[in-house]
Amino acid sequence: ASRPTLDTEGDVPFERGAAEALKAAIEDATALQAYATNRLEHLSLMVAPVSMAGTEYPVLMRPAVDRVSDMASQIWKQHGTPHNNLRFVLQEGGVLMNSNDLIFDYDLSSGILMVVLSDPVPEQLLRLTFDDPSDFALDSVSGLSGTWLNNNDEGTASDSSRSSIAAAGDLVESFEEDGRQGVRTRGRCVLQLAQPVNLSGRWTLSVWTHAPHVLEHPGYRCLLDGPTTESRILLALHRKKIGYYCREGPLGQNANLIDSDIYDIENLSEGWHHLAAVGAEGRITYYVDGQQVGSKQCTDVMLSGPICFVGNSARGRVNEAFSVMSDLRLFSAAALPEQIRA
């Protein structure tokens with residue numbers, strides 16, 4: 001910078017002072033490059049892919065050196081999950097991570113979904129984390145926010161008599177315990193999704209809930225429902241029973257609940273519990289804390305069609321709100337039992 005005569009593409013007269021300055025600059029740059037390369041290779045990051053059931057698998061990785069396949073191997077070594085049967089998908093955008101790519105090549109800020117499948121990666125249809133007090137109704141898949149509705153004794157899903165939850169905010173509140181965050185709903189409130197989520201024959205529903213559940217009256221507790229009154233309740237709770245409820249289809253009014261020694265809403269130990277339902281090939285199978293509690297035949301109405309309401313039935317006026325919900329997910333594939341256990 002102090003010798004403008006050097007600022008040219010052509011030959012310039014040799015001057016020892018200028019030459020030594022240039023040589024020193026090159027050596028400094030080489031040393032800086034070696035230092036930066038060394039430090040970059042040793043930068044470590046705790047990566048925690050999450051299974052379809054919401055379980056984290058934390059492993060310490062070096063993103064600038066380790067590849068996605070190395071992450072699968074570390075999960076196998078530390079957690080016992082077969083590394084040759086894992087796929088990783090970015091939570092935001094649903095991008096499938098290539099096994100040969102460096103972890104550094106991906107933006108991990110939105111988190112990683114770990115799928116224990118060698119088959120094509122299932123699409124995540126719906127995810128409600130319920131962890132943002134400013135917007136409990138946000139679906140992170142679509143990026144759209146639904147509307148909390150306050151069911152009353154007279155209203156139906158389309159009636160103007162139903163009011164926004166803003167008019168009864170005490171029915172929805174944040175709930176956090178043991179490091180897991182969710183939402184607690186009361187009364188007869190229900191979340192109407194911003195747009196329907198369409199089922200196409202095979203699906204998996206996953207949600208965490210917190211016991212104890214105090215039943216105020218003998219109605220059902222419904223997790224998901226279709227566009228009309230009790231048309232497609234994928235998961236219903238009632239005393240010691242878990243199952244589905246449907247008013248549509250050839251069977252008409254159809255409640256299919258499973259008696260189970262494993263599941264009892266009033267006797268579950270205090271704390272978090274995982275509930276899952278898998279629909280495929282004319283059946284819905286239910287799991288509580290990774291254990292299968294039963295399976296019931298169902299009509300095509302239960303396996304295909306739109307889901308529009310969360311946390312209660314579409315009507316809701318004879319049912320209690322579901323109570324505590326955390327990390328609710330809906331996938332376009334039927335999970336295997338080992339995936340549910342994971």
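Refer to the structure printed above.
Residues numbered from 1 in each chain as written. Predicted model: local features only at pLDDT ≥ 70, side-chain atom pairs only at ≥ 80, totals over all residues. Heavy atoms only, no water.

Undergrad: An account of the pattern of salt bridges is needed here, citing residue identities and associated values.
TA: Under the definition given, this model contains seven salt bridges. Residue Glu-173 is joined to Arg-184 by a salt bridge in which the shortest nitrogen-to-oxygen separation is 3.1 Å. Note that Glu-173 is positioned in strand S8 (residues 172-177) and Arg-184 in strand S9 (residues 180-185), a separation of eleven residues in sequence. Classification of Arg-184 by relative accessible area gives partly exposed; the value is 24%. Linking Arg-186 and Glu-173 is a salt bridge whose minimum nitrogen-to-oxygen distance equals 2.8 Å. With Arg-186 in the loop between S9 and strand S10 (189-200) and Glu-173 in strand S8, this pair connects stretches of sequence that are 13 residues apart. Given a relative accessible area of 35%, Arg-186 falls into the partly exposed group. Residue Glu-173 is classed as partly exposed on the basis of its relative accessible area, which comes to 28%. Because the salt bridges share partners, they merge into one network encompassing Arg-127, Asp-327 and Arg-329. (Salt bridge = Lys/Arg side-chain N within 4 Å of Asp/Glu carboxyl O. Helix = DSSP H or I, 4+ residues; strand = E, 2+ residues; numbered from the N terminus. Buried < 20%, exposed > 50% of the residue type's maximum accessible area, 1.4 Å probe, protein only.)

Undergrad: Describe the nonpolar core, with residues and values.
TA: Most often, soluble globular proteins keep nonpolar side chains buried together rather than apart. With 48 residues, the main nonpolar core has Leu-205, Leu-235 and Leu-328 as its most contacted residues. Among the elements that take part in this core, S10 stands out by supplying five residues, more than any other. Within the second largest apolar cluster, 17 residues are counted, among which are Val-47, Ala-72, Leu-86 and Ile-112. (Core = buried A, V, L, I, M, F, W, Y, C linked by side-chain atoms within 4.5 Å.)

Undergrad: I'd like a description of empty space enclosed by the protein, backed by residues and values.
TA: Leftover empty space is mapped by rolling, across the atoms, a probe with the size of a water molecule. Counting across every chain of the model gives one cavity of 30 Å³ or more. In this structure, the largest cavity spans a volume of roughly 50 Å³. Every residue along the wall of the largest cavity is listed here: Leu-126, Leu-128, Ala-137, Asp-139, Ser-142, Leu-144, Gly-146, Leu-193, Ala-194, Gln-195 and Val-197. Elements that contribute at least two residues to the lining of the largest cavity include exactly strand S5 (124-128) and S10. For the lining of the largest cavity, the per-class residue count stands at seven nonpolar, three polar and one charged. (1 Å grid on protein atoms, 1.4 Å probe; cavity = no way out; pocket = protein on both sides within 12 Å on 5 of 7 lines; lining within 4 Å. Points joined across faces, edges and corners; volume = space filled by probe spheres on them. Nonpolar A, V, L, I, M, F, W, Y, C, P; charged D, E, K, R; others polar.)

Undergrad: So what's going on with unusual backbone geometry? Which residues, and what values?
TA: What is expected of a backbone is that most residues other than glycine have negative phi and most peptide bonds are trans. In this structure, the amide linkage connecting Ala-211 to the following residue, Pro-212, adopts the cis form with an omega of 10°. Mapping Pro-212 onto the fold places it in the loop between strand S11 (203-211) and strand S12 (221-222). One non-glycine residue with positive phi stands out, namely Asp-289, at about 50°. As for its position among the elements, Asp-289 is in the loop between strand S18 (283-288) and strand S19 (291-297). Looking at Asp-289, the relative accessible area reads 37%, which means it is partly exposed.

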